[in-house]
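Summary of structural features
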Amino acid sequence: VIKKMDGANGDVPLENTITIYLFPTKKWKKALKETIVHELAHALSPYYCKDFNLGNMFVFDGIAEHFREYFVGGKRAPWTKAISKRESIRLFKKLKKKINSKNDGLYRDVFFGTGKYPLWAGYTMGYYIVEDYLKKQKKINWEKIIKTKPKVILKEFLLNSRNEKQI
């Protein structure tokens, strides 16, 4: 984690609570800023701590990374490009029937590569799902996007004819 995350990571374990973990590396200050903004997107969501399932987690982390890019800038994070878009669609197709799963083991497998899925595949899948949603917006209104129910974003992704052909 220290090397792959440049010395900072975090989570939102409870509503209105952000936990940050710091490790002394050369890039920790930049990583800290990016981590705080990513986790802030989770903390601002009215659904994040209340609506855990695999599909929602794709959306939550996709929003958090696009939010981070919008407000902090910088390159795409490694966890948003762990697999290709084609591979992301292929995996989503395999997991489509499980997107409502609340199984923490499945979540960990898909997001952290602890099983049969590549490391960070879930983050990448979420990134592409939200990227697709953002492209359809006439104006990016982050307050509205963060408050949009994840199932609405997932449904739009599934209804997109281009995605439907691939899924």
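Residues numbered from 1 in each chain as written. Predicted model: local features only at pLDDT ≥ 70, side-chain atom pairs only at ≥ 80, totals over all residues. Heavy atoms only, no water.

Within the structure shown, the criterion is met by 15 aromatic pairs. Aromatic pair F112 and Y123: ring centres 6.0 Å apart, planes at 65°, arrangement edge-to-face. Of this pair, F112 sits in helix α4 (residues 104–112) while Y123 is found in helix α5 (residues 121–135), placing the two residues eleven residues apart along the sequence. We classify Y123 as buried; its relative accessible area is 13%. These aromatic residues form a ring-pair network of at least three members: F52, F58, F92, Y107, F111, F112, Y123 and F157. (Phe/Tyr/Trp six-rings, centres within 6.5 Å; stacked < 30°, edge-to-face > 60°. Helix = DSSP H or I, 4+ residues; strand = E, 2+ residues; numbered from the N terminus. Buried < 20%, exposed > 50% of the residue type's maximum accessible area, 1.4 Å probe, protein only.)

Moving on: the packing of α4 against α5. Packing of α4 against α5 leaves a shortest axis separation of 4 Å and a crossing angle of 80°. By the criterion of interaxial angle, the relationship of α4 to α5 is roughly perpendicular. Contacts between α4 and α5 involve Y107, V110, F111 and F112 from the first element and A121, G122, Y123 and M125 from the second. Classifying every residue of the contact of α4 with α5 gives seven nonpolar, one polar and no charged. (Axes fitted to C-alpha atoms, helices over the stretch in contact; angles between N-to-C directions. Parallel < 35°, antiparallel > 145°, perpendicular 65-115°, else oblique. Contact = heavy atoms within 4.5 Å. Nonpolar A, V, L, I, M, F, W, Y, C, P; charged D, E, K, R; others polar.)

For the rest of this paragraph, the subject is the nonpolar core. F58, F92 and V110 are the most contacted members of the largest nonpolar core, which has 42 residues in total. For this core, the element with the most residues is helix α2 (residues 54–72), which contributes eight residues. With sequence-adjacent residues up to four places away left out, V110 is seen in contact with L54, F58, L95, Y117, P118, W120, A121, G122 and M125. (Core = buried A, V, L, I, M, F, W, Y, C linked by side-chain atoms within 4.5 Å.)

Turning next to α5. Along an α-helix, residues three or four apart share an orientation, since each turn contains 3.6 residues. For α5, spanning 15 residues, the distance from its first C-alpha to its last is 21 Å, which sits close to the expected 21 Å at 1.5 Å a residue. The buried fraction of α5 is high, at 14 of 15 residues. (Expected span 1.5 Å × (residues − 1).)

Honestly, that's just the spatial picture; any functional story needs more than this.
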